[in-house]
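What the coordinates show
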Amino acid sequence: MIDLRRLHMLRVVHQQGTVTAAAEALHLTPSAVSHHMRELARELKIPLLEPQGRGIRLTPAGRLLIDHADVLLARWEEAQAELESYRAGMTGPLRIAGFTTAISGLIAPAAGRLRHSHPDLLVQVRECDSAESLDLVVAGEVDLAVVEPIEGGPPPDDARLEQSPLLEEPHILLVPAEHPLARAESVRLEDAAAENWIVADPGTCDHARRVRVLCAAAGFSPRIVHSAIHWPAIWSLVGNGLGVSLVPRLAEGPAGQAAAVARVPVSSESMPTRRILTCVRRGSRRNPLIDLGIRALEGVVRDHRSTFRPADVRADQAGATALVTAARPGRRGRGGRDAP
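Just so it is clear, the model here is predicted, and its values are computed rather than measured. Numbers given to residues run from 1 along each chain, matching the order in which its sequence is written. Reporting of local features is limited, given that this is a predicted model, to residues whose pLDDT is at least 70; pairs of side-chain atoms are given and counted only at 80 or more, and all residues count toward the totals for whole chains, interfaces and linings. Only heavy atoms go into the side-chain values, all of them from the structure, while hydrogens and water stay out.

1. Describing the packing of helix 1 (residues 4–16) against helix 6 (residues 130–139)
Short version of the rule: To obtain an axis, a line is fitted to C-alpha atoms, over the contacting stretch when the element is a helix, and the angle between two such axes runs from 0 to 180 degrees between their N-to-C directions. Note on conventions: DSSP H or I runs of at least 4 residues are helices, E runs of at least 2 residues are strands, and numbering of each starts at the N terminus. Here is the rule for angles: anything less than 35 degrees is roughly parallel, anything more than 145 is roughly antiparallel, 65 through 115 is roughly perpendicular, and the remaining ranges are oblique. Each crossing is labelled by how the near helix is turned from the far one, with a counterclockwise turn of less than a right angle marking it left-handed and a clockwise turn marking it right-handed. We call two residues in contact whenever any of their non-hydrogen atoms come within 4.5 Å of each other. Under this grouping Gly is polar, as are all residues other than the nonpolar Ala, Val, Leu, Ile, Met, Phe, Trp, Tyr, Cys and Pro and the charged Asp, Glu, Lys and Arg.
Close contact between helix 1 and helix 6 brings their axes to 10 Å; oriented N to C, the two are set at 160°. The angle between helix 1 and helix 6 places the two elements in the roughly antiparallel class. Relative to helix 6, helix 1 is oriented so that their crossing is right-handed. Counted together, His 8, Arg 11, Val 12, Gln 15 and Gln 16 of helix 1 and Asp 135, Val 138 and Ala 139 of helix 6 form the full contact between these two elements. Here the contact of helix 1 with helix 6 is composed, by residue class, of three nonpolar, three polar and two charged.

2. Concerning helix 1
Each α-helix turn comprises 3.6 residues. Residues three or four places apart therefore point the same way. What counts here: What a helix is expected to span follows from its residue count: subtract one and scale by 1.5 Å. The cut-offs for exposure are 20% and 50% of the maximum accessible area for each residue type, with area from a 1.4 Å probe on protein chains only; residues under the lower value are buried, those over the upper are exposed, and the others partly exposed. Under this definition, polar contacts are N or O atom pairs within 3.5 Å; protein pairs additionally need one hydrogen-donor-capable and one acceptor-capable atom, and for neighbouring residues in sequence, both atoms have to be side-chain atoms.
Compared with the 18 Å implied by 1.5 Å per residue over 13 residues, the 18 Å span of helix 1 between its first and last C-alpha is a close match. All of the buried residues in helix 1 are Arg 6, Leu 7, His 8, Met 9, Leu 10, Arg 11, Val 12 and Val 13. At the N-terminal end of helix 1, a side-chain oxygen is found 2.8 Å from the backbone nitrogen of Arg 5, two or three residues along, and the residue is Asp 3. Remark: Gly 17 follows helix 1 within two positions and exhibits a positive phi of approximately 90°.

3. With respect to the side chain of Asp 70
Here Asp 70 lies in helix 4 (residues 60–84). Judged by its relative accessible area of 8%, Asp 70 is buried. There is a polar contact of 3.0 Å between the side chain of Asp 70 and the side chain of Arg 11. Setting aside residues up to four positions removed in sequence, Asp 70 forms contacts with Arg 11, Ala 159 and Arg 160.

4. Digging into helix 5 (residues 100–117)
Keep this limit in mind: Bending is quantified residue by residue as the angle between axes fitted to the seven-residue window ending at that residue and the seven-residue window starting at it.
Taking 1.5 Å as the rise per residue, helix 5 with 18 residues should run 26 Å; its terminal C-alpha atoms sit 24 Å apart, in good agreement. Remark: the principal bend of helix 5, roughly 40°, maps to Ile 107, with a proline, Pro 109, within the next four residues. Where helix 5 is concerned, the buried positions are Thr 101, Ala 102, Ile 103, Gly 105, Leu 106, Ile 107, Ala 110, Ala 111 and Leu 114.

5. Re a nonpolar patch on the surface
Rules: The patch calculation keeps residues exceeding 30% relative accessible area without a salt bridge and links them within 9 Å when they carry like charges or within 5 Å when they are nonpolar (Val, Leu, Ile, Met, Phe, Trp, Tyr). All accessible areas in this document rest on Shrake-Rupley with a 1.4 Å probe, and a residue is counted as covered only by the protein chains that are shown. Definition used for salt bridges: Asp or Glu carboxyl oxygen within 4 Å of a side-chain nitrogen of Lys or Arg.
Taken together, Ile 2, Leu 44 and Ile 46 make up a surface patch of nonpolar side chains, about 200 Å² in accessible area. Residue class for Ile 2 comes out partly exposed when judged on its relative accessible area of 30%.

6. Notes on the side chain of Ser 267
Mapped onto the fold, Ser 267 is located in the loop between strand 10 (261–265) and strand 11 (273–281). If near-sequence neighbours (up to four positions away) are discounted, Ser 267 is found in contact with Ser 186, Val 187 and Arg 188.

7. Some points on the pairing of strand 2 (residues 55–58)
Cut-off, in case you're wondering: Two strands qualify as a pair provided that DSSP identifies no fewer than 2 bridges between them.
Where strand 1 (residues 49–52) lies against strand 2, four bridges are found, and the strand directions are antiparallel. By the bridge assignment for strand 2, Gln 52 is matched with Gly 55. Taking the residues between adjacent antiparallel strands as the criterion, strand 1 and strand 2 are bridged by two residues, where Gly 53 takes a positive phi near 60°.

8. Points about the nonpolar core
Quick note on the threshold: Joining through side-chain atoms within 4.5 Å is the link that ties buried Ala, Val, Leu, Ile, Met, Phe, Trp, Tyr and Cys residues into a set, and such a set is a nonpolar core.
Within the largest apolar cluster, 25 residues are counted, with the highest numbers of intra-cluster contacts made by Leu 94, Leu 106, Val 146, Leu 166, Ile 276 and Leu 297. Elements with a minimum of two residues in this core: strand 3 (94–98), helix 5, strand 5 (144–147), strand 6 (161–176), strand 11 and helix 9 (288–303). Here the element with the most residues in this core is helix 9; it accounts for eight residues. In this view, Val 146 contacts Ala 97, Gly 98, Phe 99, Ala 102, Leu 106, Ile 107, Leu 166, Ile 276, Leu 277 and Leu 297; residues no more than four positions away in its chain are not counted. By size, the runner-up hydrophobic cluster in this structure holds 20 residues, among which are Leu 7, Met 37, Leu 40 and Leu 65.

9. Examining the packing of aromatic side chains
Stated precisely, the cut-off is as follows: Two rings belonging to Phe, Tyr or Trp (six-membered ring only in the last case) form a pair when the distance between their centres is within 6.5 Å. Interplanar angles under 30 degrees mark stacking, angles over 60 mark edge-to-face geometry, and anything in between is tilted.
One pass over the full model with this rule turns up one aromatic pair. Between Trp 197 and Phe 220 the ring centres are 6.3 Å apart and the planes differ by 40°, which places this aromatic pair in the tilted class. Pair noted here: Trp 197 is in strand 7 (residues 196–200) and Phe 220 is in the loop between helix 7 (207–217) and strand 8 (223–228), with a separation of 23 residues, a long-range link. The pair formed by Trp 197 and Phe 220 is uniform in burial state, with each residue classed as buried.

10. Some thoughts on the pattern of salt bridges
If you walk through the whole model with that rule in mind, you get 18 salt bridges. When the shortest N-O distance is used, the salt bridge between Glu 39 and Arg 42 registers 2.8 Å. Taken together, the positions of Glu 39 and Arg 42, both in helix 3 (residues 30–44) and three residues apart, correspond to about one turn of that helix. Across the pair Asp 143 and Arg 281 runs a salt bridge whose closest N-O atoms are separated by 3.6 Å. Of the two residues, Asp 143 sits in the loop between helix 6 and strand 5 while Arg 281 sits in strand 11, which places them 138 residues apart along the sequence. As far as the burial class goes, Asp 143 and Arg 281 line up, both buried.

Printed below as a string of structure tokens:
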């Protein structure tokens, strides 16, 4: 009988590329992971891993096994989800991960709702970028992640993960409070063509590239003068009259800068947005705790309907605006890192 835990370990080893990285993700020692991989290969009487440079990769037999393992582990998640519905009470823990602005604007309010509606439920929140959040979901370290699509990330039909649209978040033009555009009900990007622009440090994420792409689509090349790593720094630069920036609406600035900047909507015909997703292990969506967490997040989005557009594709929400995935300032990582 094959141990499902070993199949899970094999999947994490494949995902991480080295036994050491897989062991860290699984909170095991490298020797323990190596032992389980040897035992799995011995039980199946065929090699599953082979060296590749400084790492390892699956053999053809290992790749075949992973395909079947994804199906088996998804069915096991479904079984666990159904069994959970028979257990008494909602005590948790429900483990949620997300990037910084998702925590401040979505996850924290959702966790607060759950605290009031289910006082016995333990909700654990973990802040990390989208790439790490996806790894944590696969590794079983978190139950639910709020992420944005990233370069090199899993496709929508990934056998390990179930990704569902949560919302399309508009971007806003951030201008100094005394700027002529500050009192406008909405602006076009080309209205800021002559301004100095403030972006994330190009070495940290692709925010600068996204700003250039959006401005080019509006018919101009932005004059980028300043760069920063954190959103509060960008807000401070804008608030002190040093330029303008295009930021996602969830991004918050320092409290002391609230009166120094104006958040101006971009007109609907050219409004850039980013899609934010919920992500769970495939088969676990029906787990009552996970379903409760997702419904709490959807409730937060509904409360901000005038600010956010829910992204689940129901009949009354068809024809949503095309997306532009904008990375937040932060550290560069696999697929681009999110803002701290």
